[in-house]
Amino acid sequence: MLANVPEKVMHRVRWVLACSWLVLIFSLFYDPISPWLTSPDTSWSPFKLDMDSCIRVQGVCLQEQPYGLGSSLFWGLIVPSGVFILLIFGHEFWRRICPLGFMSQLFRALGKQRQKKRVDKKTGKTHYELVKIKSDSWLGKHYLKLQLGLLYIGVCGRLLFYDSSRIILGVFLLFTIGSAILVGYLYAGKTWCQYFCPMAPVQEFYGEPRGLLNSVAHEGQKTLITQSMCRRQNPDGTESSACVACNSPCVDIDAERSYWDSIKKPDYKLLYYGYAGLVVGFFSYYYLYSGSWAYLLSGHWTHEENQLELLFSPGFYIFNTPIPIPRLIAAPLTVAVSIALAYFLGIQLEKVYNSYQLKRNPLLTSQQLQHQIFTLTTFWVFNFFFIFAGRSYISKFPIQVQYLFNLLLVLASSLWLYRTWSRSSERYSRESLANRLRKQLTRLQVDVSRFLEGRSLDLLSADEVYVLAKILPGFTGDKRLEAYKGILRDSLEEGYVNSASSLEVLQQMRGELGISEQEHLTILTELGVEDPDLLDPNQQRSRENQLRLQSFRQRIRGMVGSKRRRGAKGLGRELLKVVKKEKAIGDVLDKEGGTVESLSREYGITLEEENKILANLDEESQLERRSNLLLQQLQDLYDIELALLYPPETLNIPHLRKGLDILRNTVAQKQKVIAKGVLKILEDWDSGTEATRLLLALATLTQNVLPSLLENHDQKWSERLNDIQLSRLQQQLKLVEPTPPKVSEILMISYLEILLSEPDSLTKTVSLYLLNKLDKQRGQQQARQLLNSYLMLNPSLKETAQQIIANTEEQKAKVITPLERLLYLSSCDLLKGLKAESLMELSYQVPIKEYHQSEILWEQGDICKDLFLLLDGEVECQQIQEDDTVMVEEIKSVNFLNDLEILGNLEAITTVIVTSSNACFLVIEGAILNELIEQDKGFARTVIEQESRRLQQLQRLAS
């Protein structure tokens, strides 16, 4: 709700709230005014005591006397208001006004946070970095448990020490403020809010996935600044992100994204069920202690002068009988037991609810069911909380106002329940991707006005955006590919997907835009060429990091622009020294007061990140760096290509070589795209030593794909490159003669594991299959990793992985997966003209049949209806000649036995007998083969050509 309010305004609001809180804390130590307001003699005061009422605690009426309002206001109004704000106005509202979070940023505002020293080994330059909590540290993994533990301690402290003891409450609040300030000094960003604050679990419980009135970060026009994320006021009045990526995913950037990412974690069940138990235990203890609800509802517990004296008094009063358990033990015990019971009950009710809902709607996912349970828990706890919270103040209003307040609470929470109930991670992802598509439609300037009836793109729902993309007449072909490329780039930069998961995660988007799997892979490779770091698996990408680095780049570019305006000539001389390698770009920018260093500290930029960003400001250096990375990729692909061409003997079998050919096609596709990127760099570098080196390396490493690329008329490389470059490329291509390498099985295994990481499902499947042929233990290990991954698996890949795991030494039965059938079928000359889709479909249709020694498949003169492909074993073909002699021919795998007879619907000219102990066949129904020939003219032509050549060969042999 406050996401778009300027930071300048909110900064003032936080100052006012922080000062007000400090005044409240001061009043806990010295307050001469409140006792006068609560005195029964002050007739006009709404806070005056009613001396005629009797609040019984353990059977005795409490003695009332004037008191300070500080603790009563804090517990009776401020804390309940926080809960109300979180559910109704959202997490972002609270985070932007929280005075404690504001105070934790004191040292950040002063620029005095703790730093660690780093020294660049190459340059000797000293670099200071802010300290952040590492995600793989104990605190990074278990901070929610720590916060829940601190919340439990805080609640127990309330019941025992500072519910009504103003001095102890004041000390506790000052200690909390001091802790927040100290954490703000020790660690960067909102570390106190993210990792330590005991109120953070409460904020997550009520504020996620979204409040009733809060804004959303994943829809509408995306900006660098969303919801309650860290921001700074620039001198020119604009705002920029101040995010240092202290936590990912960050609840301040996108609360709903953080919720869907965390809902899978076991800690979240402890948060929801445990917090519900904590609330029930906290309020119930007042009843168990006093013997009635009057003590809690009256608010007398906020101003008992003798709270510390009651620590060893009876902690329970049940059925008008004091239980001799000291309050010091009874209060923590009650809350702890309530948390444990609530957690256990929550788990059991969850099972019952899941079972009930799955019977009604089997399509509900486990995550959606979990979300519904959490939503119901929050709704119930919120309403339970306000049965008791703040009642001492609400009861002072007329009864009509009290009823109206209760009605508003139920209405607001019901609206929240209605708005939240239907949310799902799938819906969130669809809306997020629709917003990326909306952004690309705007960027490509596609004319959509006549379809929107006066509305803007930002007002369209996610479903409407997808429908619009389908019907736009100008949004076809290259524009669709360009839009998808932009969506994929954004998704990779933000860590929404990585190169391995993008194919599955963006599957729905590809379907909406009509993007094929092969087009996706081509675009993915192009993005890797344009920005080699984008597909680096070692880089942990996230939206938080992207915002941090993007903001730093913008500030650096602003510095360059500022220096350019102040003195273009001086800047030109300095940049010339950068080009000549006499100076670093960072030294030029730091010439006036070490600005880059201070910016690096402000954004938590590491030494490596700073060097990379500053290097990219120098276009020549950036181009050289890109060319080196692309050449390294081509070298790696070249090594893999040679290994696939000259494999170890274990893989030098016809159907396995077909699998190697499939992998070679994948390698060739990547080589083409990378080669295009290198040619574009050569286009910018007309001449020079670096250009010559790049040119010669390109021709050496892409000898199989470069000629066709240069001859492509659409690309027009013959016009874009100069004559000298073209001549050198062609000369180098003629000189290249690759030497067949000796590829060991160990090296081949490493190459197959590299190909296994490719997003293409067929490449994955073939790589896994061949890997298992070389190393069964490694194959099973990789198969388990694939099956345990969170990504959807292609049916063929899943079946192959399952078969590899199941195919142990104890299991002797011969089972052939669809992939193996595909490889066998595609290795046969007869089926070479068949399209890949038809071949894949055929591999699922054909059955496997096994015959034993001496069994007859058919006899001479029979008419066969099925085509037999021998996979394993040996058979003997016997043909009785006219002179009654028998001509015998032995046939080994992999071969068709009766293709001529099936195609011509002829009688068998031989009797076929199995001679090995067992023989395994793929059996293709003749009707299916005839149907394929009728449907695919290209395949029919190929079959006629092959069989004609074969008949000619037979005639020559006969003559």
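Computed from a predicted model, the values in this text were never measured in an experiment.

Chemist: Just to check I follow, could you spell out the packing of aromatic side chains for this structure?
Modeler: Taken as a whole, this structure holds 44 aromatic pairs when the rule is applied. Look at Phe205 and Tyr272: their rings are 5.0 Å apart centre to centre, the planes differ by 40 degrees, and that puts the pair in the tilted class. You can see Phe205 sitting in helix α10 (residues 200-207) and its partner Tyr272 sitting in helix α12 (residues 266-290), a full 67 residues away along the chain. Considering the side-chain rings of Phe205 and Tyr275, the 4.6 Å spacing of their centres and the 50 degrees angle between planes classify their relative orientation as tilted. Here Phe205 is found in helix α10, whereas its partner Tyr275 is found in helix α12, with 70 residues between them in sequence. With respect to class, Phe205 is no different from Tyr275; both count as buried. When the ring centre of Tyr187 is taken as origin, the NZ or CZ atom of Arg114, which lies over that ring, is 5.2 Å away.

Chemist: Teacher, can you tell me more about the nonpolar core here?
Modeler: In a soluble, globular protein the nonpolar side chains are often hidden away together inside. Membership of the largest hydrophobic core comes to 93 residues, with the highest contact counts inside it found for Trp21, Trp192, Tyr206, Tyr272, Tyr275, Phe283 and Phe385. In terms of residue count, the dominant contributor to this core is α12 (13 residues). Ile816, Leu871, Val894 and Leu922 belong to the second-largest nonpolar core, a separate cluster that totals 92 residues.

Chemist: Can you help me understand the packing of helix α7 (residues 138-162) against helix α14 (residues 327-360) in this one?
Modeler: What describes two packed helices is the angle between their axes and the distance between those same axes. Here α7 crosses α14 at 145 degrees, and the two axes come no closer than 9 Å. When you trace α7 past α14, the crossing you get is right-handed. Of the residues in α14, those touching α7 at Tyr152, Val155, Cys156, Leu159, Leu160 and Phe161 are Arg327, Leu328, Ala331, Pro332, Val335, Ala336 and Ile339. Partitioning the contact of α7 with α14 into residue classes produces 12 nonpolar, no polar and one charged.

Chemist: Could you clarify how one ought to interpret the environment of Thr763 in this entry?
Modeler: Mapped onto the elements, Thr763 comes out in helix α37 (residues 761-774). Residue classification places Thr763 among the buried residues on the basis of a relative accessible area of 0%. On a C-alpha basis, the gap between Thr763 and Leu752 in space is 9.6 Å, while along the polypeptide they are 11 residues apart. Excluding its chain neighbours within four sequence positions, the residues that come into contact with Thr763 are Leu663, Thr666, Leu755 and Glu758. Of the polar contacts made by the side chain of Thr763, one reaches the side chain of Thr666; its length is 2.7 Å.

Chemist: It is not clear to me how the pattern of salt bridges should be interpreted in this structure. Could you clarify?
Modeler: Should their charged atoms come close, side chains of opposite charge can pair. Inspection of every chain in the model, using the stated rule, returns 28 salt bridges. The partner of Asp463 in a salt bridge is Arg430, and the shortest N-O contact between them spans 2.8 Å. A residue pair is termed long-range when its members are at least 10 positions apart, and Asp463 in helix α20 (residues 462-471) and Arg430 in helix α18 (residues 425-443) qualify at 33 residues. With its nearest N and O atoms 3.0 Å apart, the salt bridge here joins Glu758 to Lys670. Placement of the pair is Glu758 in the loop between α36 (745-756) and α37 and Lys670 in helix α31 (residues 654-684), with a sequence separation of 88 residues. Given a relative accessible area of 15%, Glu758 falls into the buried group. Among the charged side chains, a network of salt bridges with common partners joins Arg210, Glu256, Arg423, Arg427, Arg430, Glu431, Asp463 and Glu512.

Basis of the calculations
Residues numbered from 1 in each chain as written. Predicted model: local features only at pLDDT ≥ 70, side-chain atom pairs only at ≥ 80, totals over all residues. Heavy atoms only, no water. Phe/Tyr/Trp six-rings, centres within 6.5 Å; stacked < 30°, edge-to-face > 60°. Helix = DSSP H or I, 4+ residues; strand = E, 2+ residues; numbered from the N terminus. Buried < 20%, exposed > 50% of the residue type's maximum accessible area, 1.4 Å probe, protein only. Lys NZ or Arg CZ within 6 Å of the ring centre and 35° of its normal. Core = buried A, V, L, I, M, F, W, Y, C linked by side-chain atoms within 4.5 Å. Axes fitted to C-alpha atoms, helices over the stretch in contact; angles between N-to-C directions. Left-handed = near helix turned anticlockwise from the far one by under 90°. Contact = heavy atoms within 4.5 Å. Nonpolar A, V, L, I, M, F, W, Y, C, P; charged D, E, K, R; others polar. Polar contact = N/O pair within 3.5 Å; in protein donor to acceptor, adjacent residues only side chain to side chain. Salt bridge = Lys/Arg side-chain N within 4 Å of Asp/Glu carboxyl O.

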